[in-house]
Amino acid sequence: MAEYRTHMKIIGDILSTTRDDLQDEDGATVTYLIRKANISHSRISRILKTLVSQGLLEQVETQGSNKYKISQTGREFLQAYYKFTSFADNFGLSI
Amino acid sequence: MEFLLENILNLIGFLVGLGIGIMSLIGFRNTGSPTLFRLTIAFFSISLGFFVIWSGYMAEDFVIQSGNIERWVQTLGIAIQTVGYFFIAFSHSIKAFFPKSSYFRSVGILPLFLVSSVQLEHLFRSVSFILLVYGAIETMLSYIDNKNKGAISVSIGLALLALGEFLGWYSFVFPESILYSISMVIKIGGLIALFIPVSKVPLTKIKFDEGLE
């Protein structure tokens, strides 16, 4: 059975991709993130917009396309996300 | 003896609830997760409930000195704790052990109405018992899914709290027996089991970030 992912889990997947699994130094393209995070284009566009506005991701324009890199705030958020995922796991919950 | 146990239980309950509540709050402030928000409400309520009862005992011991805690204080404390247990149960989506038929669902909540005519305190204890059993089962089911060992401890903790709540409620039938003291010892054990895995979560380098929502 397919596992249901919470909104927070999808954000965690996107941020961890931009931190650990980048295509190149400039960042990850939307297409790459769609494939890695397994999410639709319309949904990821909204999430990326929010993450950039919150300062968790940096948007870089290279050769006419947008690429995304994790920011320092994003790294701190991801660290907190992992710690509190383990905290919530103890209660059998997903954050 | 009963007075001492009651004080130890309420103090431990207050501290454990406060500790887990603060951790949940830090988590909520850092991630904005609704699950952590529900846990924050749950554990602050549990902490406040224990604190209210502890305050009642302290007031009785040092100020009123009537020999018995004011009944309404105990009822209020238990009611606040029940709110906390509700939020723990509510954090789990209703996915197991709930029959699909509306007839069976209505039969499932019948025990609540069977005890509601006795006293408010009995009602809150029975509701707490049901919520705690539900939370314990759901947590144990999640262990089967993800094999997180901490979930076993939390599940046992919730189950012990449920058993303690049940014995506390049942002790009304045998008021002079040792049942109430046993229920308090079991609940202390439950609170400790609840805190063990949570205390192992490393919280170093976590800071509040006002910019995150």
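As a reminder, the structure under discussion sits directly above these lines.
Attention shifts here to the overall build of chain A. The helix and strand tally for chain A stands at four helices and three strands. The helix and strand sequence of chain A, counted from the amino end, reads α-β-α-α-β-β-α. Seen along its three principal axes, the alpha-carbon backbone of chain A occupies a region of about 45 × 30 × 20 Å. Here chain A holds 95 residues, and 46% of them are scored as buried. Put simply, of all contacts in chain A between residues at least 6 apart along the chain, 53% involve residues at least 24 apart. When the accessible surface of chain A is summed, it comes to about 5100 Å², and 46% of that surface belongs to carbon and sulfur atoms. Separation between the mean location of the 12 positive side-chain charges and that of the 11 negative ones in chain A comes to 5 Å.

A separate point is the sheet that holds strand β2 (residues 57-62) of chain A. Sheet architecture is open: three strands sit in the order β1-β3-β2 (chain A), paired in antiparallel fashion. Bordering the open sheet on either side are β1 (28-29) and β2 of chain A, each of which pairs with just one other strand.

A few words now on the side chain of B:His92. You can see B:His92 is positioned in the loop between α3 (71-91) and α4 (102-108). Within the structure, B:His92 has its side chain in polar contact with the backbone oxygen of A:Phe91 (distance 3.4 Å).

A few words on the packing of helix α1 (residues 7-20) of chain A against helix α4 (residues 72-89) of chain A. Angle between the axes and distance between the axes: these two values describe a pair of packed helices. Residue and element names in this part refer to chain A. It is the contact of α1 with α4, at a shortest axis distance of 10 Å, that shows an interaxial angle of 130 degrees. Here α4 runs oblique to α1, going by the angle between their axes. Relative to α4, the crossing made by α1 is left-handed. Here α1 contributes Met8, Lys9, Ile11, Gly12, Leu15, Ser16 and Arg19 to the contact with α4, which in turn contributes Gly74, Arg75, Phe77, Leu78, Tyr81 and Tyr82. Here the residues of the contact of α1 with α4 sort into seven nonpolar, three polar and three charged.

Following the criterion strictly, the structure yields 14 aromatic pairs over all chains and no others. For the pair A:Tyr81 and A:Tyr82, a centre-to-centre distance of 5.6 Å together with 55 degrees between the ring planes defines the contact as tilted. Between A:Phe84 and A:Phe87, the aromatic rings sit 6.1 Å apart at their centres with planes inclined by 80 degrees, giving edge-to-face as the arrangement. Taken together, the positions of A:Phe84 and A:Phe87, both in helix α4 and three residues apart, correspond to about one turn of that helix. Look at A:Phe84 and you get buried, because its relative accessible area is 0%. A connected cluster of aromatic rings, assembled from ring pairs, spans A:Phe84, A:Phe87, A:Phe91 and B:Phe43. The cationic tip of B:Lys147 hangs over the ring face of B:Tyr143; the distance from NZ or CZ to the ring centre is 5.4 Å.

Facing 20 residues of chain A, the contacting portion of chain B comprises 35 residues. Of the roughly 2200 Å² buried where chain A meets chain B, counting both sides, 68% is carbon and sulfur surface. For the pair chain A and chain B, the interface holds zero salt bridges. Inspection of the region where chain A meets chain B yields two residue pairs in polar contact (both at pLDDT 80 or more). For the side of chain A that touches chain B, the element with the most residues is α4(A), which contributes 11 residues. A class-by-class count of the residues in the side of chain A that touches chain B yields 10 nonpolar, seven polar and three charged.

Reading the values: rules and limits
- Note on numbering: residues in each chain are counted from 1, in written sequence order.
- Naming scheme: in the order in which they are written, chains are lettered from A and ligands are numbered from 1.
- Two thresholds apply to this predicted model, a pLDDT of at least 70 for residue-level local features and 80 or more for giving and counting side-chain atom pairs, whereas whole-chain, interface and lining totals are computed over all residues.
- The basis for the side-chain values is all heavy atoms of the structure; hydrogens and waters are excluded.
- We count a stretch as a helix when DSSP gives it H or I for four or more residues in a row; a strand needs E for two or more, and each element gets its number in order from the N terminus.
- Exposure categories follow from relative accessible area, calculated using a 1.4 Å probe and restricted to protein chains: below 20% of the type maximum is buried, above 50% is exposed, and the middle band is partly exposed.
- Contacts between residues were defined by any pair of non-hydrogen atoms, one from each residue, lying within 4.5 Å.
- Under the convention used here, a 1.4 Å probe and the Shrake-Rupley method define accessible areas, while residue burial counts only the protein chains that appear.
- For this count, His and the chain ends are skipped, Lys and Arg are scored as positive, and Asp and Glu as negative.
- Just so you know, the charge point we use is NZ for Lys, CZ for Arg, CG for Asp and CD for Glu.
- Following DSSP output, two strands are said to pair if at least two bridges run between them.
- N or O atoms within 3.5 Å of each other form a polar contact, as long as, within protein, one can give a hydrogen and the other can take it, and as long as residues adjacent in sequence are counted only when both atoms are side-chain atoms.
- Orientation is described by axes fitted as lines to C-alpha atoms, over the contacting stretch for helices, and by angles from 0 to 180 degrees between their N-to-C directions.
- Here roughly perpendicular refers to angles of 65 to 115 degrees, roughly parallel to angles under 35, roughly antiparallel to angles over 145, and oblique to all remaining angles.
- Crossings are classed by handedness, with left-handed meaning an anticlockwise turn of the near helix from the far one by less than a right angle and right-handed meaning a clockwise turn.
- Under the scheme applied here, ten amino acids are nonpolar (Ala, Val, Leu, Ile, Met, Phe, Trp, Tyr, Cys and Pro), four are charged (Asp, Glu, Lys and Arg), and all others, including Gly, are polar.
- Under the pairing criterion, centres of Phe, Tyr and Trp rings, with the six-membered ring standing for Trp, must be within 6.5 Å; the plane angle then separates stacked pairs below 30 degrees from edge-to-face pairs above 60, leaving the rest tilted.
- Counting as a charge over the ring demands two things of the Lys NZ or Arg CZ atom: a distance within 6 Å of the ring centre and an angle within 35 degrees of the ring normal.
- A quick way to say it: buried area is the sum, across both parts, of accessible area lost when two parts are put together, with a 1.4 Å probe.
- Salt bridge, as used here, is a side-chain nitrogen of Lys or Arg placed within 4 Å of a carboxyl oxygen of Asp or Glu.

Keep in mind that these numbers describe shape and distance, not what the molecule does.
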